[in-house]
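# Summary of the model geometry
Residues per chain are reported as follows:
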Protein chains: 2
Amino acid sequence: MNLNDINCSEYLNDENNIFNVLSTNEKSTLLNNHILSSYKRNNIIFKEGEIPNSILLLIEGKVKILKKGIGSRSQILRMTKPIDIIGYRALLADEPYISSAVALEDTIIFAFDKNKFKELIHSNNDFATNIIKLLASELGFSNKKIVALTQKHIRGRLAETLLFLKNTYGFDEDNCTLNICLSREDLANLSNMTTSNAIRTLSTFASEDVISVKGRKIKIKNYKKLQKINDLG
Amino acid sequence: MNLNDINCSEYLNDENNIFNVLSTNEKSTLLNNHILSSYKRNNIIFKEGEIPNSILLLIEGKVKILKKGIGSRSQILRMTKPIDIIGYRALLADEPYISSAVALEDTIIFAFDKNKFKELIHSNNDFATNIIKLLASELGFSNKKIVALTQKHIRGRLAETLLFLKNTYGFDEDNCTLNICLSREDLANLSNMTTSNAIRTLSTFASEDVISVKGRKIKIKNYKKLQKINDLG
DNA sequence: AAATTTGTGTGTTTTTTAACATGAAATTAA
DNA sequence: TTAATTTCATGTTAAAAAACACACAAATTT
């Protein structure tokens, strides 16, 4: 997509967008204070410890949100797709970022001024309600993730990650290939395991005919069985 | 405390309470639709899967929020004290509870009507902003917990739990005994480990003179060392 | 007071997972 | 193209934590 072809307001009006409850006036406030940026694969969008100064709207591409842990391991906390907002938690809590955002593929992002964003929350009740619902839902996901990542075994954790990726990004036209390409390391960082174990478990799933793997393309061959592995833990 | 002696409005005005931005009128709306209940130790306040129909304000006592996992293990997600609100996440996300609340000691709770609560969020911007900040901050805690519980080793996790309990409930008058009594099982469920390992690691800490243990009373004898164990992971 | 349940402490064994090592394949850069 | 680097794959070893077993103490119930 050419950056010049992008019409920002079209995204703000999208029915899946939390901004769609804003009035025309309020939307122009945002549009008059926005920056459009593009990122190549593996580019860092923001980093743990930095102070947020804008709210980001992902227009095109995919972005992972990750948090550095002990040693060299990271935990991927969130996987985003258009038209998700990014970086809002730290901003709303008045804290520095506690996680980093990295582009997984070529990505286009709108950045809106953080103060204008906060003013809108304060002046538009429907908008505030949207944000509250988004945060409450994210907190639910996070709490469920705590239990899944700490209590499930490796197979269950990887199965959960594959099902999560299906729910988030869906399938290709063939209706079984995950519509996202991740390195084995990213799969490991989603599933709380080492890269070796992600590779090994992926191979095992393939040998059991649950999935098939060709490079970074993953086909889910037996959805029911994958769900069963997920449920068993 | 005698239930009849309790003056609800006094709690709503407390400076640490998110309700304190409400007008006198708005507060009376809540006060006219509240139920006062008391719970004995180990009583269940609400259960995973139930539909929330009120927002709870903890007036006296301590309450743990926990989520059942695989097998018989639970994860304690939150430890509350007066004057925290409880059960607001599920309510605000329009979902059933994904966790249960259990009284850790004799507890007194106000329950306010959930619709009145939601209406106030929608009509009072400052109140909505308070809720947003609370949710954003909780989400940050939850994300940090994911990394700590999955990546730290047993000693680091238990040290973190002890420091967390100190930050939440503080010390007794002696300035070193944790002002909360938990079973070894609860300590384990906070720290993502088995009860055996909580007992064992607690004994090790005691033998290293980091803490001392007398029944359920835990004294922190060497705070610096405990922090070091926490930092090392 | 006796019986029962619940909670605590400790040792042993087994399972799971991480760490390490090494080589092939695939990318990327020179 | 080659060379260098990264990613992927798999086997081996080591460490961490869970599972299990059992004894005993403390609290509750009868």
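Just above, that's the structure.
For every chain, the first residue of the written sequence is number 1, and numbering continues from 1 along that sequence. Chain letters start at A and ligand numbers start at 1, both assigned in the order the entries are written. In keeping with the model being predicted, local features are shown solely for residues with a pLDDT of at least 70 and side-chain atom pairs are shown and tallied solely at 80 or more, while totals for entire chains, interfaces and linings include all residues. Heavy atoms throughout the structure, all of them, feed into the side-chain values; hydrogens and water do not.

## Focus on the sheet that holds strand β2 (residues 44–46) of chain A
Cut-off, in case you're wondering: DSSP bridges decide pairing: two strands pair if at least two such bridges lie between them. Only DSSP runs of H or I reaching four residues or more are called helices, and only runs of E reaching two or more are called strands; each is numbered from the N terminus. Every axis corresponds to a line fitted to the C-alpha atoms, with the helix fit spanning only the stretch in contact, and the corresponding angles, defined between N-to-C directions, vary from 0 to 180 degrees. In what follows, residue pairs with any heavy atoms lying within 4.5 Å of each other are defined as contacts.
The strand order β2-β7-β4-β5 (chain A) describes an open sheet built from 4 strands, whose pairing is antiparallel. Edge strands, defined here as strands with exactly one partner in the open sheet, are β2 and β5 (74–80) of chain A. Averaged over all adjacent pairs, the angle separating strand axes in this sheet is 30°, with direction ignored. Summarising the sheet, β2(A) and strand β7 (residues 100–103) of chain A pair through 2 bridges and their orientation is antiparallel. Looking across to β7(A), one finds that Phe46(A) is bridged to Ala101(A). Sheet contacts for helix α6 (residues 154–169) of chain A: β4 (63–68) and β5 of chain A; angle to β5(A), the most-contacted strand, approximately 30°. Strands β4 and β5 of chain A of the sheet are contacted by helix α5 (residues 125–151) of chain B, whose axis makes an angle of about 140° with β5(A).

## Digging into helix α8 (residues 195–207) of chain B
All names here are of chain B. How we decide: Helix span, expected: 1.5 Å multiplied by one less than the number of residues in the helix. Exposure is judged per residue with a 1.4 Å probe applied to protein chains only, and the accessible area is read against the type maximum: over 50% gives exposed, under 20% gives buried, and values in between give partly exposed. Summarising the geometry, the arc corresponds to the directions from the helix axis toward the C-beta atoms.
For α8, with 13 residues, the first-to-last C-alpha span of 18 Å sits near the 18 Å given by 1.5 Å per residue. Burial in α8 covers these residues: Ala-198, Thr-201, Leu-202 and Phe-205. Take α8 and look down its axis: the buried residues cluster within an arc of 105°, on one side only. Projecting away from the buried face of α8 at angles above 90 degrees are the exposed residues Arg-200 and Ser-207. Contacts made by the buried residues of α8 are with α6 (154–169), α7 (184–191), β9 (211–214) and α9 (223–232). Downstream of α8 by a residue or two, Asp-209 has a phi angle that is positive, lying close to 65°.

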